[in-house]
Amino acid sequence: MDADARATGPSPRDGYTAEQVRAAERPLLEAGEPLMQRAALALADQVGRLIASARGSFHDTTTAGSPSARRETTPTGGGGATDAAPRPRVVVLAGSGDNGGDALFAGAHLAARGADVRIVAVGSHLHGGGAAAAHAAGATDLDPDDAEAFDRVVASADVLIDGILGIGAAASPALRGTAREVVARVRGVLGPDWVARVARGTRHPLVVAVDLPSGISPDDGSVPDPTVLPADVTVTMGAVKAGLLLGPAVEVAGRVVLVDLGLGPALAGVQPVVTSGWRHELP
């Protein structure tokens, strides 16, 4: 793809390294562009569409920002998102960084639309703004040490949002500590058959990864530890990370949805390291 075409938005067939994406984001962040808010809204919309497709009872996210949509999907008096169906349940696995922030702000949007959102903190802390927004919208915390409650909520969830690690973990992507323990427990609760049916559209709950499945390398697609949550959908922000197009990570990324954050101009002169399945060496 030529530079003029790429300037309008990166192609979903082009994969960039974590450093290339960070460099493209930097001037926008310095200019005060609300990249996290854009990413979170797009993530919430994708999760909403999955829930609507699976349940046939959640709102149409294309009108989620309208007052009428908010009235139709916000529960009253502790009731469900609709009178006929229980509230959809979303479990947010949130790490300490911006990836966790994206997931938490998306959780805030989903809670405001009527979902029962539970937050599992798997890092040293939660993103302050994201956690405050999610809690203000009605999300509640889920303690992984309360094994009975944790297992019950995970098993009954409609969607698990993997917001544990992002491109900041490129140098050492394997999950560790609490994050690894929680992911291992989720896999155990849901079982090997659930793991094996990834990306077939028949799992319950579905997994949506924020930017990339936590535990994979964004640059070379390696999976140094098999303790990952295979995603049905990966919502990747700004540009596709090269690792999502390479094995073995491609097997756990599911369907990749690219969210345009306005990085096209910054990436116009940058050579992607993967293009249409072909890998390029960095200069």
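Each remark here, short or long, concerns the structure printed above.
Keep in mind that what you see is a predicted model, and the values were worked out from it rather than measured.

S.K.: Describe a negative patch on the surface, naming the residues involved and giving the relevant values.
M.R.: Together, Asp 141, Asp 143, Asp 145, Asp 146, Glu 148 and Glu 181 line one region of the surface with negative charge. The residue Asp 146 is located in the loop between β4 (140-141) and α7 (147-156) in this model.

S.K.: Talk me through the pairing of strand β7 (residues 233-237); I want residue IDs and the actual numbers.
M.R.: Most of β7 sits out of view: 5 of its 5 residues are buried. Covered by surrounding structure in β7 are Val 233, Val 235 and Met 237 together with Thr 234 and Thr 236, the residues of both alternating faces. Across 3 bridges, the pairing between strand β6 (residues 206-210) and β7 is parallel. Within β7, the position partnered with Ala 209 by the bridge is Thr 234. Across 5 bridges, β7 lies against strand β9 (residues 255-259) in parallel orientation. Note that in β9 the partner of Met 237 across the bridge is Val 259.

S.K.: How would you sum up helix α6 (residues 128-136)? Please name residues and give values.
M.R.: Because an α-helix completes one turn every 3.6 residues, residues spaced three or four positions apart along the sequence face the same direction. Taken residue by residue, α6 has Gly 130, Ala 131 and Ala 134 as its buried positions. The buried residues of α6 all sit within an arc of 95° when viewed along its axis, so they share a single face. In α6, the exposed residues that point more than 90 degrees away from the buried face are Gly 128 and Ala 136. As for α6, its buried residues are in contact with α5 (98-112) and β3 (116-121). A positive backbone phi angle near 115° is found at Gly 138, which sits one or two residues after α6.

Thresholds, definitions, all that
- Residues numbered from 1 in each chain as written.
- Predicted model: local features only at pLDDT ≥ 70, side-chain atom pairs only at ≥ 80, totals over all residues.
- Heavy atoms only, no water.
- Patch = residues over 30% accessible without salt bridge, like charges linked within 9 Å, V, L, I, M, F, W, Y side chains within 5 Å.
- Areas by Shrake-Rupley, 256 points an atom, 1.4 Å probe, with all protein chains shown as cover.
- Salt bridge = Lys/Arg side-chain N within 4 Å of Asp/Glu carboxyl O.
- Lys, Arg positive; Asp, Glu negative; His and termini not counted.
- Charge placed at Lys NZ, Arg CZ, Asp CG, Glu CD.
- Helix = DSSP H or I, 4+ residues; strand = E, 2+ residues; numbered from the N terminus.
- Buried < 20%, exposed > 50% of the residue type's maximum accessible area, 1.4 Å probe, protein only.
- Pairing = 2+ DSSP bridges.
- Arc of directions from axis to C-beta.
- Contact = heavy atoms within 4.5 Å.

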